[in-house]
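Chain residues, written in single-letter form:
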Amino acid sequence: MSNEGVYINKVLDASANTIWDELKKIRESSELEKRTIRRRWIWELIQNASDCTPREKKIDIKIEYTDNQIVFSHNGLPFSFQNLLDLITQISSKQSSTEKKTGKFGTGFMSTHLLSDIVQIQGSLIQGDNKYKKLEFAVDRSGDNYSDIKNKTKIMLEQLDIISKDQEELQDDYEDTKFVYSIQNDDVREAVEEGIVDFKETIPYVLTFNENINSITYNGNCYKKVKEKTSRSNNKLKAVSINSSDSVTKLIILSESNVTIGCTIEEKDNNLYFSPIPSNMPKVFCEFPLLGTEEFSFPVVVNSSLFEVERDRNAIRDSNPVNFELIKVAVSLYKELINYCVEKTMTRDEFNICILKPPTSSIVQSYSYNEIKEHISNSAIIPIHNPSGDLRRSAFKGNDGNVVIGIPKTKKSIHKDLLWDILSNCQGLPIPTKDTYLGWAAVFGENLEFSWVNNTFKDSNMDKLIICLKDKTLYADWLNKFYSLWIEDAGIEEVVESAFVPNQINEFVQFSNIYLDKNIDNELKQILTLLGGIINKQLLSQDITSFEQYFEKNQNRIKTNEICSDQIDFKISEILGKETVDRIEREDSTQKVFNKLTNWFLLNPEKSQEWFKNLYPKRMMLSSPEENLRRYKIAEKIEENNIKYEELDEIINNREKIMEIITNSELSRDDIVDQLKHVITSSEEMKRYVESLISRSTANIFEYLSSLKDYTLPTTLEEWRNESYSDTVFPAKHNQKDIRIVIRPSDYQKIIFYYDEELEALDDTDYELWTDDGEKQVMVTLGDLLKTTGISKIPLTKI
């Protein structure tokens, strides 16, 4: 063998070794790796087509896919002899070329052989002098061993030599270059379709980032960049439109120093909505997507033709200083994008461009993650729930670095919206709007769970809760919804272990210290409390109904009338015992409590016998002889005045109102009269009460004046009343001189004039004002009035 033959054989061995190693790597990969490799086929072909772009021109690419065939074609430069030689031998000349080529390794084309071992190439072959020869060539990688591959490579080289020497049928123009793949099985077909899905997702980015491609047509649907508009406020920011036959995709991009970041958007209602970034979207592009960078720690897509990429084009080199500087530029551009969103009011769904996955051990990605996470955490970008509907945004963290935004957290996803509804009624608790909180949960995680809300109840009370609620009237409804949803989400066992619930004095206490009130008589609860019991602290507020099923299964956590009466019995028995043994005199406060119980016995005889089996038979011990006599006198007085038992409450209430009115030093005389008239006329009983006071005072003063020798009055009270000028103004003689007597009750140490006739009588010079408080009758003079009122000067201008 000649030296030339030895050299050729060595080159052939090197080529066959490279091809066989690559084929083995592809064929012996796991199924998951094979699927990833198959996804690359379309981008390997598009990338190689881009490398065939003529100077100062752009190319068009077409892909036609049927069940059993893929035809990929482009109108870029045709194959040269060197191109075919590189393709056959997989000894690429791209790396040494001075021209920019994004496909730096000829081995990338090998991944397309997972679709088909044999690829048919059709088109033209450059023959020199701007002449072209029709090309039909099969790249055959079938074979089960190294020898097969070496023989097939040798045959292809021989065919190439024949084609290159054949000068017949030369053409002036070249044809489109086509790659034809036969699809033989379902696994390949499925992988092809996955690649098509990737293609449709990423093609808007490729057309945006790559300046060589004019259009890409898939099965008749043509994708093309049609518009690019630069922002007036930031010349780094552009809006790009990519049209296809059936849709328009819009992107926002920011570019600087050979780095571009981008994301898709949707415009509607004069707002700009950021679209979700699909989980299968590569985050890093080197003009074309680097499949395998889907988990890269960057929230949007970043592109640079200067990236140093791994051999399989599935990542950028982590320790490469050029890559680190390029990512620093990308991070800076991303911060500008977020700042743009903060400044503008028309951006929406910003969470879609803030989702950031934490890195593993990557230096470049750690830098990206830390810088971006801090920036979005401190940027006022989250729309906060606002009942008025106005847009209000806040940062996730406050100036002190603490989290200030709550994002609902539940164990079951179906409960998240319901928890949001509950939390939305809380004042001072910023939460994202209902249409965005799930998106922000994907960015920052969920942090506002039931237990957090529950802990705010600790050492609190209902008044504080009501202040925190926007709808203050529905506090019980709010609590029941909260407890019920918590039970449904976490289970009753977890809830009762930690829940704080309101008792019947409106304090929140731990559930383990609470009991259910099974319709205990309110009067009995009050009596037990007055005796020193704490039953109202132990009983669950009757407004809370969420724990009914728990109490049905835990009867020992229920308090009844019987239990309450037993506790009353015990405490009273203690008191009676001390009175007997220690001869302690019963205090008035104790007697009043006993009176309440004996009254209850009178109203509820059957229940008394049932619930107070020990105490009821001894009920007479609850009232001393003096107390019985006092109560008999009260009852007798009530009967004398024909007052019905049912009317007592209203009379007592009105009496308290009158006392409050006449003892109010801030009220004027007219105010007092107006309010008293309202009270008096508000019920027949009150009217009768006032009339009885006047009648009493009239009788007492008549009797008193009749006993004085200087006064002359009719013989009887009835005659005097018949001669009266009004209910409170009467005729009389004092020292044989005619006068008028004005009578006023003076109960509660005050005199109030109700009627105009009283004032008219006092306007006269011949009058006397007499008062009666039920025991003493006194004439009030002008001097008395001046002394008691403290008046020392009287203006005469208005008299």
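Read on for a plain summary of the structure.

Rules used throughout
Residues numbered from 1 in each chain as written. Predicted model: local features only at pLDDT ≥ 70, side-chain atom pairs only at ≥ 80, totals over all residues. Heavy atoms only, no water. Helix = DSSP H or I, 4+ residues; strand = E, 2+ residues; numbered from the N terminus. Buried < 20%, exposed > 50% of the residue type's maximum accessible area, 1.4 Å probe, protein only. Contact = heavy atoms within 4.5 Å. Areas by Shrake-Rupley, 256 points an atom, 1.4 Å probe, with all protein chains shown as cover. Pairing = 2+ DSSP bridges. Phe/Tyr/Trp six-rings, centres within 6.5 Å; stacked < 30°, edge-to-face > 60°. Salt bridge = Lys/Arg side-chain N within 4 Å of Asp/Glu carboxyl O. Expected span 1.5 Å × (residues − 1). Polar contact = N/O pair within 3.5 Å; in protein donor to acceptor, adjacent residues only side chain to side chain. 1 Å grid on protein atoms, 1.4 Å probe; cavity = no way out; pocket = protein on both sides within 12 Å on 5 of 7 lines; lining within 4 Å. Points joined across faces, edges and corners; volume = space filled by probe spheres on them. Nonpolar A, V, L, I, M, F, W, Y, C, P; charged D, E, K, R; others polar. Axes fitted to C-alpha atoms, helices over the stretch in contact; angles between N-to-C directions. Parallel < 35°, antiparallel > 145°, perpendicular 65-115°, else oblique. Left-handed = near helix turned anticlockwise from the far one by under 90°.

Focus on the overall build of the chain
Across its full length, the chain holds 27 helices and 26 strands. Put simply, the chain has 799 residues, and 45% of those count as buried. In the chain, of all internal contacts separated by at least 6 residues, the share reaching a separation of at least 24 is 61%. When the accessible surface of the chain is split by element, carbon and sulfur atoms take 48% of a total near 42,800 Å².

Description of the pairing of strand 26 (residues 777-780)
On any regular strand, side chains alternate: one points to one face of the sheet, the next to the other face. The pairing of strand 25 (residues 767-772) with strand 26 spans 4 bridges and is antiparallel. Among the inter-strand pairings, Asp772 is bridged to a residue of strand 26, identified as Gln777.

As for the packing of aromatic side chains
Tallying each qualifying case throughout the model produces 36 aromatic pairs. Between Phe324 and Tyr367 the ring centres are 5.3 Å apart and the planes differ by 50 degrees, which places this aromatic pair in the tilted class. Placement of Phe324 in helix 7 (residues 321-343) and of Tyr367 in helix 8 (residues 363-377) is noted, with a sequence separation of 43 residues between them. Of the residues examined, Tyr367 reaches a relative accessible area of 24% and is grouped as partly exposed. Here the aromatic rings of Trp600 and Trp611 are separated by 5.9 Å at their centres, their planes lie at 20 degrees, and the arrangement is stacked. Taken together, the residues span a long stretch of sequence, with Trp600 in helix 19 (residues 588-603) and Trp611 in helix 20 (residues 605-611) at a distance of 11 residues. Like Trp611, Trp600 is buried. Ring-pair connections join several aromatic residues into one group, and the members of that group are Phe450, Phe457, Trp478, Phe482, Tyr483, Trp486, Phe508, Phe511, Phe547, Tyr550 and Phe551.

Thoughts on the sheet that holds strand 24 (residues 737-745)
The strands making up a sheet are joined through hydrogen bonds of the backbone, oriented either antiparallel or parallel. Strand order across the open sheet formed by 5 strands is 22-23-24-25-26, with mixed pairing between neighbours. Each end of this open sheet is capped by a strand with a single partner; those strands are strand 22 (711-712) and strand 26. Note: strand 23 (residues 729-734) against strand 24, 6 bridges, orientation antiparallel. Within the sheet, the bridge partner assigned to Pro731 lies in strand 24 and is Arg740.

Overview of the pattern of salt bridges
Applying the stated criterion to the full structure yields 27 salt bridges. Arg189 is paired through a salt bridge with Asp186; the nearest N and O atoms lie 2.6 Å apart. Of this pair, Arg189 and Asp186 both sit in helix 6 (residues 186-209), 3 residues apart, which is roughly one turn of the helix. Three or more residues joined by partner-sharing salt bridges are found here, namely Lys225, Glu228 and Lys238.

Looking at helix 5 (residues 146-165)
In this model, helix 5 (20 residues) spans 29 Å end to end at C-alpha, consistent with the 28 Å of a helix rising 1.5 Å per residue. Where helix 5 begins, the capping side chain belongs to Asn145, and its oxygen is found 3.1 Å from the backbone nitrogen of Ser147.

Section: the pairing of strand 6 (residues 177-182)
Pairing analysis gives 6 bridges linking strand 2 (residues 69-74) to strand 6, with the strands arranged antiparallel. From the neighbouring strand, Gln69 faces strand 6, where its bridge partner is Ser182. Where strand 3 (residues 118-128) meets strand 6, 4 bridges bridge the pair, whose relative direction is antiparallel. In the sheet register, Ile121 faces strand 6, and the bridge partner there is Phe179.

Observations concerning the environment of Ile203
On the secondary structure map, Ile203 appears in helix 6. Take Ile203: its relative accessible area is 0%, and that puts it in the buried class. Sequence separation between Ile203 and Trp43 is 160 residues, and the spatial gap between their C-alpha atoms is 10.0 Å. In this structure Ile203 touches Trp43, Ile216 and Tyr223, once residues within four positions along its chain are discounted.

A look at the side chain of Ser368
Relative to the assigned elements, Ser368 resides in helix 8. Taking the relative accessible area as the measure of exposure, Ser368 reaches 0% and is therefore buried. Filtering out sequence-adjacent residues up to four positions away, Ser368 remains in contact with Ser297, Phe298, Ile327 and Val331.

Thoughts on empty space enclosed by the protein
Summed over the entire model, instances satisfying the criterion amount to 3 cavities of 30 Å³ or more. Considering only enclosed or pocket space, the second largest cavity measures out at about 70 Å³ in volume. A per-class count over the lining of the second largest cavity returns 4 nonpolar, 1 polar and 3 charged.

Re the packing of helix 18 (residues 561-581) against helix 19
Geometry of a packed helix pair, given as the angle between the helix axes and the separation of the axes. Contact geometry of helix 18 with helix 19 gives a least axis separation of 13 Å together with a crossing angle of 135 degrees. Viewed along their axes, helix 18 and helix 19 adopt a mutual orientation that is oblique. As for how helix 18 packs across helix 19, the hand of that crossing is left-handed. Residues Ile568, Ile572, Ile575 and Leu576 of helix 18 lie in contact with helix 19, whose contacting residues are Thr590, Phe594 and Leu597. For the contact of helix 18 with helix 19, the per-class residue count stands at 6 nonpolar, 1 polar and no charged.

A word on the side chain of Thr202
Here Thr202 lies in helix 6. A polar contact is formed between the side chain of Thr202 and the backbone oxygen of Asp198, at a distance of 2.7 Å. Setting aside residues no more than four positions away along its own chain, Thr202 makes contact with Trp43, Met281, Pro282, Phe285 and Pro289.

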